[in-house]
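The chain contents come next:
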Amino acid sequence: QLDDLYLIALVRRRDLRSLRDLTAEHLPLLRTILTEGQEAISKRFGVPGCQLRIYLHYQPSYYHLHVHFTALGYEAAGSAVERAHLLPDVIDNLLMEPSYYQQRALTCPLRADEPLLKKFQEAGRL
């Protein structure tokens, strides 16, 4: 059913774990994911690229780089602005600054019961 279309592209490279690992070196890979993902979804499901939200999470739910493709009208968990980084924006950021994601402070919401929040608290970072 297309209203809640949710697909994930997994990157084969195991050395790319999250958005933080991306540099300008990865632009060809990211462009390929964007264009070939849109083409495959259009061909298989008839949903054009302009009706897709294509993004990466930070912090990711698992540390193997992956890209989410969802229907625009579908409010998938983690697709909100504070956690989702749109792939076209990621590409543009890396074009402007090759090491953008190594330098940039990235906001990510944490639930009160998340272990990462506890680690930040224990380290006196919050």
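As the structure is a prediction and not an experimental result, all values here were calculated from the model.

1. Digging into the packing of aromatic side chains
Okay, so step 1: In this structure the tally under the stated criterion is 1 aromatic pair.
Okay, so step 2: When the centroid spacing of 4.7 Å and the interplanar angle of 75° are considered together, the rings of Tyr100 and Tyr101 count as edge-to-face.
Okay, so step 3: Exposure remark for Tyr100: the relative accessible area of 19% places this residue in the buried category.
Okay, so step 4: On the accessibility criterion, Tyr101 (1% relative accessible area) is buried.
Okay, so step 5: In this arrangement the basic side chain of Arg44 is found over the ring face of Phe45, its NZ or CZ atom lying 5.1 Å from the centre.

2. Considerations on the environment of Leu65
Okay, so step 1: Mapped onto the elements, Leu65 comes out in the loop between β2 (52-57) and β3 (66-71).
Okay, so step 2: The spacing of Leu65 and Ala9 is 56 residues in sequence and 8.7 Å in space, taken between C-alpha atoms.

3. Examining the nonpolar core
Okay, so step 1: In this structure, Leu19, Leu22, Leu56, Leu87, Val90 and Leu94 are the most contacted members of the largest nonpolar core, which totals 27 residues.
Okay, so step 2: Taken together, the elements giving at least two residues each to this core come down to α1 (27-45), β2, β3, α2 (87-96) and α3 (100-103).
Okay, so step 3: Per-element accounting of this core gives the leading share, 5 residues, to α1.

4. Focus: the side chain of His68
Okay, so step 1: Here His68 shows up in strand β3.
Okay, so step 2: Residue His68 is classed as buried on the basis of its relative accessible area of 2%.
Okay, so step 3: Not counting chain neighbours up to four residues away, the residues in contact with His68 comprise Tyr6, Leu7, Ile8, Arg53, Ile54, Tyr55 and His57.

5. A closer look at the confidence of the model for the protein
The predicted coordinates of low-pLDDT regions are not to be read in fine detail.
Okay, so step 1: When pLDDT is averaged along the protein, the result is 90, and 96% of the positions lie at 70 or above.
Okay, so step 2: The least confident element of the protein, judged by mean pLDDT, is helix α4 (residues 115-122) at 85; the most confident is α1 at 98.

6. Things to note about a nonpolar patch on the surface
Okay, so step 1: A surface patch of nonpolar side chains, amounting to about 360 Å² of accessible area, comprises Tyr6, Ile8, Leu10 and Tyr62.
Okay, so step 2: Looking at the secondary structure, you find Ile8 in strand β1 (residues 6-10).
Okay, so step 3: For Ile8, a relative accessible area of 39% corresponds to the partly exposed category.

7. Things to note about the packing of α1 against α2
The description of two packed helices rests on the angle between their axes and on the distance between the axes.
Okay, so step 1: Two elements in contact, α1 and α2, have axes separated by 10 Å at closest approach and are oriented at 160°. One finds that α1 runs roughly antiparallel with respect to α2. The element α1 and its partner α2 pack so that their crossing is left-handed. Between α1 and α2, the residues in contact are Leu27, Leu30, Arg31, Ile33 and Leu34 and Leu87, Pro88, Val90, Ile91, Leu94 and Leu95, respectively.

8. Structural notes on the pattern of salt bridges
Okay, so step 1: Applying the stated criterion to the full structure yields 2 salt bridges.
Okay, so step 2: The partner of Arg13 in a salt bridge is Asp15, and the shortest N-O contact between them spans 2.6 Å.
Okay, so step 3: Arg13 sits in the partly exposed class, given a relative accessible area of 33%.

The rules behind the values
Residues numbered from 1 in each chain as written. Predicted model: local features only at pLDDT ≥ 70, side-chain atom pairs only at ≥ 80, totals over all residues. Heavy atoms only, no water. Phe/Tyr/Trp six-rings, centres within 6.5 Å; stacked < 30°, edge-to-face > 60°. Buried < 20%, exposed > 50% of the residue type's maximum accessible area, 1.4 Å probe, protein only. Lys NZ or Arg CZ within 6 Å of the ring centre and 35° of its normal. Helix = DSSP H or I, 4+ residues; strand = E, 2+ residues; numbered from the N terminus. Core = buried A, V, L, I, M, F, W, Y, C linked by side-chain atoms within 4.5 Å. Contact = heavy atoms within 4.5 Å. pLDDT = per-residue confidence, 0-100. Patch = residues over 30% accessible without salt bridge, like charges linked within 9 Å, V, L, I, M, F, W, Y side chains within 5 Å. Areas by Shrake-Rupley, 256 points an atom, 1.4 Å probe, with all protein chains shown as cover. Salt bridge = Lys/Arg side-chain N within 4 Å of Asp/Glu carboxyl O. Axes fitted to C-alpha atoms, helices over the stretch in contact; angles between N-to-C directions. Parallel < 35°, antiparallel > 145°, perpendicular 65-115°, else oblique. Left-handed = near helix turned anticlockwise from the far one by under 90°.

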